[in-house]
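Report on the structure
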Amino acid sequence: MKIAVFPGDGIGPEVTAQALRVLDALPLQVSLLEGDVGGIAYKRHGHPLPDETLVAANEADAILFGAVGDFDCDNLERHLRPEQAILGLRRELNLFANLRPAKVFEGLEHTSALKPEIAGAIDLLIVRELNGDVYFGEKGMRTTDAGLRQGYDIMSYDESEVRRIAVAGFEAAQKRRGRLCSVDKANVLETSQLWRDVVIETHADFPDVELTHMYVDNAAMQLVKNPGQFDVVVTGNLFGDILSDQASMCVGSIGLLASASLGERKTDYGTFGLYEPIHGSAPDIAGKGIANPMATVLSLAELLRHSLGQEELAKRVENAVAKTLADGIRGGDLGGDSNCAEIGDAILTRL
Ligand SMILES: NC(=O)c1ccc[n+]([C@@H]2O[C@H](COP(=O)([O-])OP(=O)(O)OC[C@H]3O[C@@H](n4cnc5c(N)ncnc54)[C@H](O)[C@@H]3O)[C@@H](O)[C@H]2O)c1
Ligand SMILES: CC(C)[C@H](C(=O)O)[C@@H](O)C(=O)O
Ligand SMILES: [Mg+2]
């Protein structure tokens, strides 16, 4: 079993180090392929996603990704910016289905930004499309006839792109509580009208799943008002990005939300995928050793589950994180005072 490890920038290396300690403690023979991504890769190799990193990604059964983002690089041409590493990996490797689970851990109801009785009901999965939308459409800067600077990013989805993520959403709902809510903006956007039409067509193959539709502005509101109503949410790339950060604060912290990015490629043990916390490089706390590594440790659990076929080990890691939280061990993001390594220690002792 081979895992490519791309720690990246800011807190990326700090949180990845703790996940690797957990991996090392498990009864599993794996070899690690390390690679540079993001700002550090630009500084070392002149590109945020160097060829050697892509080679390692293709050779591996799964990728554990930290985070990218470095304010020093924000004035570079867009194709050289750190974020292009993660966007490039998702696109190059056809990782179109991004699973972002959000569930309240026991004992954390009171650290959510929501009232405890509302937060306590959260157990949802956002299935975010990852290879299309306004992220990958034609974009640029131009000058209007009136001589004004204009930025543009084209939003589009073709029906095959919508169908495959709709299938991922329905299949996820079948494995959970059987309810799928498709989130779009079909009242305004043609892209969303096609999205809604194709989701409805795809529903014919999944009659056992209850399908509902919601506009994204309402979904943002409902996520705060009554998040317990959601089982699986399927949505486009941009809406999914925003709603998942919002969901993280409903749960308690962005330092808790893991993700799995999957495509169709199979490995000897499961489905090839990339696993990363949903948060970024957090430049405001980088280098201080205080980031919460739980989202990355939980991403490792998703890696064990989906790409390595190790469901039992995945549960073991998830239970160790849950026990750590239940025992009151918290990072600063959750109002506690444990640092990154101490949280790693606590997870290890509960493994
Ligand atoms: N997938 C990725 O690699 C990814 C995701 C999001 C943002 N980014 C990049 O990261 C950089 C910073 O972006 P941002 O500030 O908007 O978002 P961010 O997620 O990095 O940080 C937002 C806030 O959450 C806090 N935070 C994030 N993760 C935390 C953790 N594990 N523990 C404790 N606190 C945590 C940060 O300190 C910050 O206050 C940007 O360059 C952005 O492009 C990368
Ligand atoms: C860094 C950025 C490109 C990325 C995204 O927008 O997808 C991030 O916000 C995420 O949620 O993984
Ligand atoms: Mg995001």
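In the annotation of an unreviewed UniProt entry, the entry for the protein chain reads 3-isopropylmalate dehydrogenase, and the organism field reads Croceicoccus pelagius. The annotation that UniProt attaches to the protein chain under Function (unreviewed entry) is "Catalyzes the oxidation of 3-carboxy-2-hydroxy-4-methylpentanoate (3-isopropylmalate) to 3-carboxy-4-methyl-2-oxopentanoate. The product decarboxylates to 4-methyl-2 oxopentanoate." Quoted verbatim from the Pathway (unreviewed entry) heading of the UniProt record, the comment on the protein chain is "Amino-acid biosynthesis; L-leucine biosynthesis; L-leucine from 3-methyl-2-oxobutanoate: step 3/4."

When the parts of a complex come together, some accessible area is lost, and that lost area is often used as the size of the interface. Under the domain assignment used here, the protein chain contains domain 1 (1-96 + 258-351) and domain 2 (112-251). Of note, the centres of domain 1 and domain 2, computed from C-alpha atoms alone, are 24 Å apart. Among the elements that line the side of domain 1 that touches domain 2, the one with the most residues is helix α4 (residues 83-92), at 3 residues.

The next thing to look at is the site of ligand 2. Taken together, E83, I86, L87, D241, I278 and G280 make up the full set of residues near ligand 2. Per-element accounting of the shell around ligand 2 gives the leading share, 3 residues, to α4. Of the residues contributing to the shell around ligand 2, the split by class is 3 nonpolar, 1 polar and 2 charged.

Before going further, it helps to examine the packing of helix α10 (residues 294-306) against helix α11 (residues 311-326). Two quantities define a packed helix pair, namely the angle between the helix axes and the distance between the axes. As a packed pair, α10 and α11 sit with axes 7 Å apart at the nearest point and diverge in direction by 165 degrees. Classified by the angle between their axes, α10 and α11 sit roughly antiparallel to one another. α10 and α11 meet at a crossing whose hand is left-handed. Listed contacts from α11 to M294, V297, L298, L300, A301, L304 and R305 of α10 are E311, L313, A314, V317, E318 and V321. Here the residues of the contact of α10 with α11 are counted per class, giving 10 nonpolar, no polar and 3 charged.

Judged by nonpolar contacts, the single largest core of 101 residues is most densely connected at I63, L64, V127, V233 and L300. By residue number, the principal contributor to this core is α10, which donates 8 residues. Formed jointly, this core draws a minimum of three residues from each of two domains, domain 1 (1-96 + 258-351) and domain 2 (112-251).

Procedures and definitions
- Residues numbered from 1 in each chain as written.
- Chains lettered and ligands numbered in written order.
- Predicted model: local features only at pLDDT ≥ 70, side-chain atom pairs only at ≥ 80, totals over all residues.
- UniProt positions renumbered as here; feature names shortened; annotations may be inferred.
- Domains from an automatic or database assignment.
- Helix = DSSP H or I, 4+ residues; strand = E, 2+ residues; numbered from the N terminus.
- Near = placed C-beta within 6 Å.
- Nonpolar A, V, L, I, M, F, W, Y, C, P; charged D, E, K, R; others polar.
- Axes fitted to C-alpha atoms, helices over the stretch in contact; angles between N-to-C directions.
- Parallel < 35°, antiparallel > 145°, perpendicular 65-115°, else oblique.
- Left-handed = near helix turned anticlockwise from the far one by under 90°.
- Contact = placed C-beta atoms within 7 Å.
- Core = buried A, V, L, I, M, F, W, Y, C linked by C-beta atoms within 7 Å.
- Buried ≥ 20, exposed ≤ 12 C-beta atoms within 10 Å, placed from the backbone.

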